[in-house]
Amino acid sequence: MAMLWKFMRVAKYSKTALAPKVKVRGIPTHSRHSSSKSVPSDFAANTPCSNTVELLGKAYPQDDYSNVTEKILSKVGKNLHNKKHHPLWLIKEQVKDHFYKQYIGRRGTPLFSVYDGLSPVVTIQQNFDSLLIPQNHASRRKEDNYYLNRDHMLRAHTSAHQWDLIHSGLDAFLAVGDVYRRDTIDNTHYPVFHQMEGVRLFSCHELFSNIKDGEGLQLFEQGHRTAHKQECHTMEAVRLVEFNLKQVLTKLMTHIFGDGLQVRWVNCYFPFTHPSFEMEINFQGEWLEVLGCGVMEQQLVNS
């Protein structure tokens, strides 16, 4: 069973489940586990001919879906989140430090490993299909994404790496990176921004070990989908994962913004989590969304 969370859109360069294993979407970076590798922007992209784009050492043939511009290509490889003392790096390190101190594994090492150097070029399958996003979903539109061709694109979210990281055997990780969407530029939007995302899978023992008489509780059942749970999850498991998820993220926001923070949770919809939530904080008298999260669709974990 798994839970998942996605955090932050910073300045003009950035925004921010349940099974025998449960998945969580989340945040930080650990240098020991990290696969960080920056690519100088001067060498990130060039177009040797009109029908091919060369990016990060690979050539991509253009077709009727290609719409990435030279200006956007010039920003690929800057990796501002990995540049020491950059505001994005400072936030990443602050979050990472919190997770490393708060969540320790069995061997005394950080529970969450961090990946902040994954390639921003992903396949359509990674960005959409692996997350159960329907073929006719509005988020796939050319008007909203930067496509290299019909098969490859600049990732629209760090969730594009979830399936690969879980498939590699990870059950708790944080992914950080630059993401690309064709947003209209204003004081809170820019076509290139950054996300930090966390995922955690729970076994039955991990979820119920601290619950009195928890030996008899189960993660799964053959039930019905409701507004509060998936058909395959027990209500007891969902409630525990939801409580854990919200507690983890509330602690994180308090760590970043300080004590006395006003927080509220709003029910929402994502194709890859159910139930799903957005966290809002009170900032200068207005409610500001800072992250989305939820219990990962069991189908994603099973796949």
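Residues numbered from 1 in each chain as written. Predicted model: local features only at pLDDT ≥ 70, side-chain atom pairs only at ≥ 80, totals over all residues. Heavy atoms only, no water.

If you look the protein up in an unreviewed UniProt entry, it shows as SYFM protein from Alca torda.

Engineer: Outline helix α2 (residues 87–102), supporting the account with residue identities and numerical values.
Structural biologist: Across its 16 residues, α2 extends 23 Å between first and last C-alpha, which sits within 8% of the 22 Å expected from 1.5 Å per residue. The set of residues buried in α2 consists of L88, W89, K92, V95, K96, H98, F99 and Y100. (Helix = DSSP H or I, 4+ residues; strand = E, 2+ residues; numbered from the N terminus. Expected span 1.5 Å × (residues − 1). Buried < 20%, exposed > 50% of the residue type's maximum accessible area, 1.4 Å probe, protein only.)

Engineer: Can you explain the nonpolar core? Please cite residues and give values.
Structural biologist: Grouped together as the largest cluster of nonpolar side chains are 32 residues, with contacts concentrated most on M1, W5, F99 and L207. Once you skip the residues sitting within four places of it in the chain, L207 turns out to touch M1, F202, L219, A237, L240 and V241. Core analysis: the next-biggest nonpolar cluster, separate from the first, contains 23 residues, Y115, L131, A160 and L165 among them. (Core = buried A, V, L, I, M, F, W, Y, C linked by side-chain atoms within 4.5 Å. Contact = heavy atoms within 4.5 Å.)

Engineer: I'd love a proper account of the state of the cysteines, names of residues and values included.
Structural biologist: By the definition in use, this model includes 0 disulfides. Here C293 stays unpaired: no disulfide links it, and the sulfur of C268, its closest cysteine neighbor, is 7.4 Å away. By relative accessible area, which is 0% here, C293 ends up buried. (Disulfide = S-S within 2.5 Å.)

Engineer: Would you mind going over unusual backbone geometry in detail, with residue names and values included?
Structural biologist: The peptide bond linking H274 to P275 adopts the cis configuration, its omega dihedral lying at -5°. Among the structural elements, P275 can be located in strand β12 (residues 273–283). If you check the backbone angles, Q284 has positive phi at about 55° while not being a glycine. Structurally, the position occupied by Q284 is in the loop between β12 and β13 (286–296).

Engineer: Give a detailed account of the pattern of salt bridges, specifying residues and quantitative values.
Structural biologist: Tallied over the full model, the rule gives 13 salt bridges. When the shortest N-O distance is used, the salt bridge between R141 and D144 registers 3.0 Å. Note on R141: relative accessible area 43%, which makes it partly exposed. In this structure, E231 and R225 form a salt bridge, with 2.9 Å as the shortest nitrogen-oxygen distance. One connected set of salt bridges, linked through shared partners, spans R225, E231 and E297. (Salt bridge = Lys/Arg side-chain N within 4 Å of Asp/Glu carboxyl O.)

Engineer: With reference to specific residues and values, describe the pairing of β12.
Structural biologist: Residues in a regular strand project their side chains so that they alternate between the two faces of the sheet. Burial runs high along β12: 9 of the 11 residues are buried. Strand direction decides the pairing type here: strand β11 (residues 263–270) and β12, joined by 7 bridges, are antiparallel. Each residue of the ladder has a partner; that of R264, found in β12, is E280. The turn joining β11 and β12, which pair antiparallel and follow one another in sequence, is formed by 2 residues. As paired strands, β12 and β13 are joined by 9 bridges and run antiparallel to one another. By the bridge assignment for β13, N282 is matched with W287. Between β12 and β13, which follow one another and run antiparallel, lie 2 residues, and Q284 among them has a positive phi close to 55°. (Pairing = 2+ DSSP bridges.)

Engineer: Describe the environment of H167, listing the residues and the values that go with them.
Structural biologist: For H167, the position within the fold is in helix α4 (residues 162–167). Residue H167 is classed as exposed on the basis of its relative accessible area of 59%. In this structure, the C-alpha to C-alpha distance between H167 and S303, residues 136 residues apart in sequence, is 8.7 Å.

Engineer: Describe helix α6 (residues 235–257), naming the residues involved and giving the relevant values.
Structural biologist: Over its 23 residues, α6 extends 32 Å from the first C-alpha to the last, a length consistent with the 33 Å expected when each residue adds 1.5 Å. Residues of α6 that are buried include every one of A237, V238, V241, E242, L245, K246, V248, L249, L252 and M253, and no others. Positive phi appears at G258, one or two residues downstream of α6, with a value of about 105°.

Engineer: Outline the side chain of E280, listing residues and values.
Structural biologist: For E280, the location among the structural elements is in strand β12. Owing to a relative accessible area of 13%, E280 belongs among the buried residues under this scheme. In terms of polar contacts, E280 uses its side chain to reach the side chain of R264, at 2.6 Å. Not counting residues up to four positions away in its chain, the partners in contact with E280 are Q262, V263, R264, V266, W287, L288 and E289. (Polar contact = N/O pair within 3.5 Å; in protein donor to acceptor, adjacent residues only side chain to side chain.)

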